[in-house]
Amino acid sequence: MQSSAVKGKKDKAGHPSGDKRFKVLDITMKRNQFRQDALIEVLHKAQEAFGYLEEDVLMYIARKLKLPLSRVFGVATFYHLFSLKPSGAHTCIVCLGTACYVKGGGEVLASLEKNLGIEQGETTEDGQVSLITARCIGACGIAPAVVYDGTVAGKQEPEQAVERITAWTKTKAE
Ligand code: FES
């Protein structure tokens, strides 16, 4: 009876960026007691939360699960259901988790797709913008959320999102 209270304080430090998406990952890893054989499930969760698997995210997972980075990279690249960092100069991630979808995330995505002439998961021909979707980035309170080059923006309207993207492409065109 006395020993149970002491448990659960190990590995408390989250990601130094304070990015809430890492919290989502922490919860999944904790639920699996940081077991190494939960790697695929954790990678799934990471892809849902981030839209793709960035090196920083893979390093975080490797550290938390005490696995060699090479192993985590190996698994992430072996399964084609996982995608690594997209190739565009800029990355736009539209959250399509329930809260965001209900608040209009789908419309935001549709207008971005129309404006860029690509579909989710693709990169524009000029290599400027990669358009990705995620399922809950941990910002439901400000739904619908979009992440522009790593910066989370809340309560996005389709026009607003298109404006942000146009600013990227415009800089290149001028
Ligand atoms: S559903 Fe979009 S942030 Fe949670």
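Per chain, residue numbering runs from 1 following the sequence as it is written. Thresholds applied to this predicted model are a pLDDT of at least 70 for local features of residues and 80 or more for the giving and counting of side-chain atom pairs; totals over whole chains, interfaces and linings are not thresholded and use all residues. Think of the side-chain values as coming from all heavy atoms in the structure, minus any hydrogens and water.

**Some thoughts on the pairing of strand 1 (residues 90-95)**
So, point 1. Burial classification: accessible surface area is computed with a 1.4 Å probe over protein chains only, and a residue below 20% of its type maximum counts as buried, one above 50% as exposed, and the rest as partly exposed. Where helices and strands are cited, they refer to DSSP runs of H or I of at least four residues and of E of at least two residues respectively, numbered from the N terminus. Extensive coverage of strand 1 is indicated by the burial of six of its six residues.
So, point 2. Alternating residues of strand 1 divide into H90, C92 and V94 and T91, I93 and C95, and every residue in both groups is buried.
So, point 3. Pairing between strand 1 and strand 3 (residues 146-148): three bridges, direction antiparallel. By the bridge assignment, I93 is partnered in strand 3 with V147. Here the rule is simple: two strands pair whenever DSSP picks up at least two bridges between them.

**With respect to the side chain of S130**
So, point 1. On the secondary structure map, S130 appears in strand 2 (residues 129-134).
So, point 2. You can call S130 buried: its relative accessible area is 0%.
So, point 3. Within 3.5 Å is the distance limit for a polar contact, defined as a pair of N or O atoms, with the added protein rule that one can donate a hydrogen and the other accept it, and that residues adjacent in sequence qualify only through two side-chain atoms. Within the structure, the side chain of S130 is placed 2.9 Å from the backbone nitrogen of G88, a separation counted as a polar contact.
So, point 4. Apart from the residues within four sequence positions on either side, S130 is in contact with P86, S87, G88, H90, T91, C92, E122 and T123. We call two residues in contact when some of their heavy atoms are within 4.5 Å.

**So, the packing of helix 1 (residues 20-31) against helix 2 (residues 39-50)**
So, point 1. Axes here refer to lines fitted to C-alpha atoms; in helices the fit is confined to the stretch in contact. Angles between the N-to-C directions go from 0 to 180 degrees. With their axes 9 Å apart at the nearest point, helix 1 and helix 2 run at an angle of 160° to one another. Classified by the angle their axes make, helix 1 and helix 2 are roughly antiparallel. Crossing geometry of helix 1 relative to helix 2 is assigned as right-handed. Between helix 1 and helix 2, the contacting residues are R21, F22, V24, L25, T28, M29 and R31 on the first element and E41, V42, K45, A46, A49 and F50 on the second.
So, point 2. For this classification, Asp, Glu, Lys and Arg are treated as charged, while Ala, Val, Leu, Ile, Met, Phe, Trp, Tyr, Cys and Pro are nonpolar and the rest, including Gly, are polar. Broken down by class, the residue content of the contact of helix 1 with helix 2 amounts to eight nonpolar, one polar and four charged. Orientation labels follow simple angle bins: below 35 degrees gives roughly parallel, above 145 gives roughly antiparallel, 65 to 115 gives roughly perpendicular, and whatever is left gives oblique. Each crossing gets its handedness from the near helix: less than a right angle anticlockwise from the far helix is left-handed, clockwise is right-handed.

**Comments concerning the domain arrangement of the chain**
In many reports, interface size means the accessible area that the parts give up when they come together.
So, point 1. When its domains are assigned, the chain resolves into domain 1 (4-78) and domain 2 (90-173).
So, point 2. On a C-alpha basis, the centres of domain 1 and domain 2 stand 25 Å from each other.
So, point 3. For the pair domain 1 and domain 2, the two sides together bury roughly 740 Å², of which 55% comes from carbon and sulfur.
So, point 4. Buried area is calculated as the accessible area (1.4 Å probe) missing from two parts once they are joined, with the contributions of both summed. In terms of surface lost to domain 2, no three residues of domain 1 exceed R21, E48 and Y52, which account for 59% of the buried area on that side.
So, point 5. In what follows, salt bridge is the name for a side-chain nitrogen of Lys or Arg lying within 4 Å of a carboxyl oxygen of Asp or Glu. Here domain 1 and domain 2 share one salt bridge between them.
So, point 6. Residue R135 is joined to E48 by a salt bridge in which the shortest nitrogen-to-oxygen separation is 3.4 Å.
So, point 7. At the junction of domain 1 with domain 2, the criterion picks out one residue pair in polar contact (both at pLDDT 80 or more).
So, point 8. Mapped onto the side of domain 1 that touches domain 2, the elements with two or more residues apiece are helix 1 and helix 2.
So, point 9. Classifying every residue of the side of domain 1 that touches domain 2 gives four nonpolar, one polar and three charged. For the domains described, the bounds stem from an automatic or database domain assignment.

**Examining the packing of aromatic side chains**
So, point 1. Only centres within 6.5 Å qualify two rings of Phe, Tyr or Trp (six-membered ring in Trp) as a pair; their planes then separate them into stacked at under 30 degrees, edge-to-face at over 60, and tilted for everything else. Under the definition given, this model contains five aromatic pairs.
So, point 2. Relative to Y60, the ring of F22 has its centre 4.8 Å away and its plane inclined at 70°; by these criteria the two rings are edge-to-face. With F22 in helix 1 and Y60 in helix 3 (residues 55-65), this residue pair connects regions lying 38 residues apart in the sequence.
So, point 3. Classification of Y60 as buried rests on a relative accessible area of 1%.
So, point 4. Both rings, one in F78 and one in Y79, keep their centres 5.1 Å apart while their planes meet at 90°; by these two values the pair is edge-to-face.
So, point 5. For F78, a relative accessible area of 64% translates into the label exposed.
So, point 6. Owing to a relative accessible area of 32%, Y79 belongs among the partly exposed residues under this scheme.
So, point 7. Each member of the aromatic cluster is reached from another via a ring pair, and the members are F22, F50 and Y60.

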